Amino acid sequence: MLISPGNRGVLASCAVSVMNNNEPCKVREGRRYPRIGIYTGQGASHSWLWFVEVFDRIGFFDIAFLTETHIRGQGLDRCDVLAMSGGDTFAIAKALGPEGADSLTRFITHGGLYIGSCAGAYLPLHSSKEHLNLFNFVPAKIANLTRTLPEPQRLREKFCTAYGCSFIFHPVREAVRVGTNGFPPFKQAPSLNAPLYGGPPMIAGDSAQVLAVYSGFTEKTVFLVDEQLAADTVLGKAAVIRQKMGRGHLHLYGPHFEHPRFTMANQLLADAMLWDLRRDPVQVGDNTSDPVLLSGEDCRNLLRDIKREMSNSRVVAVGLETLPVQWKIGNKVYETAKIREFIEPVWQRIRRLEKLNQLILLPGQASRLLQAASKTTRLLRKIKGDTNRGVDTLPAARNTFEALNLLSTLFLDIYFRTRLNSFPQTHP
Amino acid sequence: MEYLASNKIAIIDLATRDIIEEELEDDLVLEKIGGVGITKSLYDRFADENPIVLGTGLLTGSLVPGSALSVITAKSPSTGRVSHVPLTLDAGMELKYSGFDYMVIKGAADKPVYLWVHDGIADLNDAEDLWGKDVWAATDRIRDLMGDDLIQVLGIGEAGEKGSDLAQISINYWQSGDRMGFGSLFGKKRLKLIAIRGMGLLEIAEPEEFVEHCAGLLSALKSGKTSGMKGIATMAAAMGEADIEGWLKPLTHKHMACFNTPVPTNTFVFLDEDPALLKETSVAEPGFLLTDISPLLTLKRLGLTAADTCRILKACAKYGMDGAAVAELSEKTGLKDPEAIKGSLPNLKGPVSSSGNAVFSPWAAVGNQEPKTWMRREAVAYIFGLHPIFALMAPELTEEKLLEISSLGTELELTSETLDEVIADITG
């Protein structure tokens, strides 16, 4: 049985109902679960891990982690959904290039669903800028674009990004109030809180459906500019828009609806995703090597080795958080606390795999993972040592975040492969 | 053991480098409660292999006021008896959160090693480059190597490496309550140090009631006789040595408490910096943490100045030798010149009376308790994981209350009859 408008809500409710107990949804016969690609390539920040958290809670285990190389190739061919997280929009656009833009166009017009959050939302908005102009999928304007920057009141380093001759400035950060339009798929919540970390307030064109607008600020909202200017720039603008493109759709989120601490927003994101899930599942086989099953002593030993290295990294990462260090990598500012944003999602899942006592992994994946983990520990220790000695740590930090990205991707690929094997999700 | 424990015992064979893990069974806790009750039981089990057993108290690292203590049990080279020494400061708590409740270290390595304990992983690593370093240098080195300044280090200096019966297991840079010569056991096993980092979590069976009882205890303590007590001089005053306060005052920088202990029993003195300095000092080694009353009293009796006394104790700490034993032998031989005392360290030999004649380290001595009362109170402290000096001063921590809180924390029915049996077994 395929998902149709009549039964989409059932799965969505089912999905959401499990979000608090961390147990996957019971798979009913014939129920189709989405195959989701999460972008982890150039330009992606740690926020792709928020998508991981939400999909894991819901019980969507058929996850592929895609870099720009995968997207430029055939990585999207077996996906129903592509989740594009926050990060550096320019870097993402440049990395994907014309081939990536073609792949995305083909994916969406053939029925795929593009979910863009923050940088992922900026990417397909109309633009005349080099690289970005390859992705003019959604006729909406960026409301926080200016040629004359206002005076920042705080967090100067996170306040703005150059955008050609103009600037994108970020009037507020943290939780804002969002009001929905009361129509499906967002009908369940008239208003909710969601965190904004640089995502766009948008002015939608005629063909785009506004699912939610920025309706107010909260006591947690941090104002980076004058409050009146922030209100003028943000309030009443589109926070979430839905755009049809060919047989597929794009959902663009200014605020991070996928942030794991905002469960109502998570619920709406999941509802919307299932609402626009393509009716006909893709019929492309997985052309990766045959996975192998590891169990018993071998499984325990591998998990112990992973745990050892992750713990070593974790110990240093916690120690680094006491130091006043931050790095600017590309257009993004990284604090030391970002390191654990990568480590903790892995750490928390090691225990779950220990309980399952089996792993499904691709040939060579274990050794690549251990190498990445070991390299991460070495780099983190180097940062700590260099910081103490007053040596510039930017090159090591750059390498560290690359290593952390690879490490989390490799581990989570094994994790979801294993979970999928333990809780099969049918694809009729 | 589901609650207030990591549920793991490590059996570490230094000769073969095998590390075996066992579960901490509820039955063992029901029979021996915890702390020294179980370390003694594990010692007996491996007695033929001359083990050193590290263990945590049942309430160590919890919200119970004074829950700072872990314990080392081994056969004392000084007394020939199976004895127990306290691990205080933050080391006791750190062990509790390291992922192991107990560790049995048996056999001897063929070359120097160190044990790295973190997140339920125990790793034996080569310590060739640590061997020969004094306690302070070894502590700095291991923290630098692992990239975290919060790592707790139980290590030995040259005294332990040479197998001196007066050698002490130090806690980080500081003197510990090891009056039993356990440092020489480390040396004979070629175990330079144990580095511990605890970032785990403990589950509590009845968290709300547990916290309520702990808060009640803290409230009672605040209006009790320990309220307002601070510093090592206060402890000395309780032993009838009130004038030590004025003697030490010109050097006193601050007082420091062990983990969650309402009375700060340690005093940091500045020897090479202005004690009144409030801002961060730029001096590499500004002073010394006084953790043991006895050597202060002895060296003061010899007519030494507070500064000379502290410098001698600093030398003892670096060399890894029990300051109380050094003070006692200096008094016996009439050595009063500070430089001569420091110079005598490599050739000092016992016997000394500072090891006491009980199974517990005489390090914790406050007031003039009856030996029987002192012994029982120490036993209770070492079983539940309470600071052994604080436990002597705080009658509010009754046995009944501790049993009640333990039952709330663990869901196990622990009775006063069991406690009596455990104490009889340890002290009998």
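Look a little higher up for the structure.
What counts as what
Residues numbered from 1 in each chain as written. Chains lettered and ligands numbered in written order. Predicted model: local features only at pLDDT ≥ 70, side-chain atom pairs only at ≥ 80, totals over all residues. Heavy atoms only, no water. Helix = DSSP H or I, 4+ residues; strand = E, 2+ residues; numbered from the N terminus. Rg over C-alpha atoms; globule rule 2.2 N^0.38 Å. Buried < 20%, exposed > 50% of the residue type's maximum accessible area, 1.4 Å probe, protein only. Contact = heavy atoms within 4.5 Å. Areas by Shrake-Rupley, 256 points an atom, 1.4 Å probe, with all protein chains shown as cover. Lys, Arg positive; Asp, Glu negative; His and termini not counted. Charge placed at Lys NZ, Arg CZ, Asp CG, Glu CD. Pairing = 2+ DSSP bridges. Phe/Tyr/Trp six-rings, centres within 6.5 Å; stacked < 30°, edge-to-face > 60°. Salt bridge = Lys/Arg side-chain N within 4 Å of Asp/Glu carboxyl O. Buried area = accessible area lost by both parts, 1.4 Å probe. Core = buried A, V, L, I, M, F, W, Y, C linked by side-chain atoms within 4.5 Å. Polar contact = N/O pair within 3.5 Å; in protein donor to acceptor, adjacent residues only side chain to side chain. Axes fitted to C-alpha atoms, helices over the stretch in contact; angles between N-to-C directions.

A. Layout of the overall build of chain B. Within chain B, the secondary structure is distributed over 17 helices and 14 strands. Taken over C-alpha atoms, the radius of gyration comes to 20 Å for chain B, in line with the 22 Å a tight globule of 428 residues would show. For the C-alpha atoms alone, the extent of chain B along its principal axes is close to 55 × 55 × 45 Å. Looking at chain B as a whole, 61% of its 428 residues are labelled buried. Long-range contacts, defined as pairs at least 24 residues apart, comprise 68% of the intrachain contacts of chain B with a sequence gap of at least 6. Total accessible area on chain B is roughly 15500 Å²; 50% of this is exposed by carbon and sulfur atoms. Of the charged side chains in chain B, 39 are positive and 63 negative; the average position of the first set lies 8 Å away from that of the second.

B. View of the pairing of strand E15 (residues 248-253) of chain A. Residues and elements named next belong to chain A. Of all 6 residues in E15, 6 are buried, a share of seventy percent or more. With burial as the criterion, each face of E15 is covered, one bearing Gly248, Leu250 and Leu252 and the other bearing His249, His251 and Tyr253. Taken together, the 5 bridges between strand E4 (residues 113-117) and E15 define a ladder with parallel strand orientation. Paired with tyrosine 114 across the two strands is leucine 250, which belongs to E15.

C. Spatial organisation of the packing of aromatic side chains. Residue and element names in this part refer to chain A. Evaluation of the coordinates by the stated rule reveals 24 aromatic pairs over all chains. Ring centres of tryptophan 48 and phenylalanine 65 lie 5.6 Å apart, and the angle between their planes is 65°; this geometry places the pair in the edge-to-face category. Taken together, the residues tryptophan 48 in helix H2 (residues 48-58) and phenylalanine 65 in strand E2 (residues 63-66) connect sequence positions 17 residues apart. By relative accessible area, phenylalanine 65 is classed as buried at 7%. Ring centres of phenylalanine 55 and phenylalanine 60 lie 6.5 Å apart, and the angle between their planes is 35°; on these two criteria the pair is classed as tilted. The two residues phenylalanine 55 and phenylalanine 60 agree in class, both being buried.

D. Fine view of the sheet that holds strand E6 (residues 145-146) of chain A. All names here are of chain A. Pairing within the open sheet is antiparallel, and its 3 strands lie in the order E6-E8-E7. The open sheet terminates on both sides in strands that have one partner only, identified here as E6 and strand E7 (160-163). Bridge count for E6 against strand E8 (residues 166-169) is 2 bridges, and the pairing is antiparallel. Bridged to leucine 145 within E8 is isoleucine 168.

E. Broad picture of the pattern of salt bridges. All names here are of chain A. Under the defined criterion, the tally for this structure stands at 47 salt bridges over all chains. We note a salt bridge from lysine 307 to glutamate 354, for which the minimum N-O separation is 3.6 Å. One end of the pair, lysine 307, is in helix H8 (residues 296-320); the other, glutamate 354, is in helix H9 (residues 337-356), and 47 residues separate them in sequence. Here arginine 314 and glutamate 344 are joined by a salt bridge, their closest N and O atoms 3.0 Å apart. Linking arginine 314 in helix H8 with glutamate 344 in helix H9, this pair joins segments that are 30 residues apart in sequence. Given the relative accessible area of 15%, glutamate 344 is considered buried. Salt bridges sharing partners connect three or more residues here, namely Glu53, Asp56, Arg57, Arg349 and Arg352.

F. Molecular detail of the interface of chain A and chain B. Chain A puts 15 residues into the contact, and the matching count from chain B is 17 residues. It is Arg304, Val315 and Arg381 of chain A in chain A that bury the most area against chain B; as a group they hold 36% of the surface buried on that side. Taken together, chain A and chain B are joined by 4 salt bridges. In this structure, aspartate 119 of chain B and arginine 314 of chain A form a salt bridge, with 3.1 Å as the shortest nitrogen-oxygen distance.

G. Representation of the pairing of E8 of chain A in the model. Residue and element names in this part refer to chain A. Two strands pair when backbone bridges link them, and E7 and E8 are joined in this way by 4 bridges, in the antiparallel orientation. If you follow threonine 161 over to E8, its bridge partner there is isoleucine 168. Taking the residues that link successive antiparallel strands as the turn, the E7-E8 hairpin has 2 residues, and the phi of glycine 164 there is positive, at about 65°.

H. Representation of the nonpolar core. In terms of nonpolar packing, the biggest core is built from 139 residues, with Leu54, Val64, Leu115, Ile194 and Phe384 of chain B touching the most fellow members. The element best represented in this core is helix H11 (residues 306-319) of chain B, accounting for 8 residues. Setting aside chain neighbours within four positions, we find isoleucine 194 of chain B in contact with Leu54, Ile105, Leu115, Val117, Gln152, Val153, Leu154 and Phe186 of chain B. Core analysis: the second largest hydrophobic core is formed by 126 residues, Val138, Val234, Ala373 and Tyr415 of chain A among them.

I. How the structure looks around helix H10 (residues 293-301) of chain B. All names here are of chain B. By the burial criterion, the buried members of H10 are Ile293, Pro295, Leu296, Leu297, Thr298 and Leu299. Between the side-chain oxygen of the N-cap and the backbone nitrogen of serine 294 there are 3.3 Å, and the N-cap of H10 in question is aspartate 292. One or two steps after H10, the chain reaches glycine 303, where phi turns positive at roughly 95°.

J. Here's a closer look at the sheet that holds strand E1 (residues 9-13) of chain B. Residue and element names in this part refer to chain B. Here we have 6 strands laid out as an open sheet, ordered E2-E1-E6-E3-E4-E5, and mixed in their pairing. The outermost strands of the open sheet, each flanked by one partner alone, are strand E2 (19-22) and strand E5 (82-87). With strand direction ignored, the average angle separating the axes of adjacent strands in the sheet is 15°. Two strands pair when backbone bridges link them, and strand E3 (residues 52-56) and strand E4 (residues 70-75) are joined in this way by 4 bridges, in the antiparallel orientation. Its bridge partner being in E4, threonine 56 is matched across the sheet by serine 70. Against the sheet, helix H2 (residues 36-45) touches E1, E2, E3, E4, E5 and strand E6 (102-106), its axis set at about 30° to E4.

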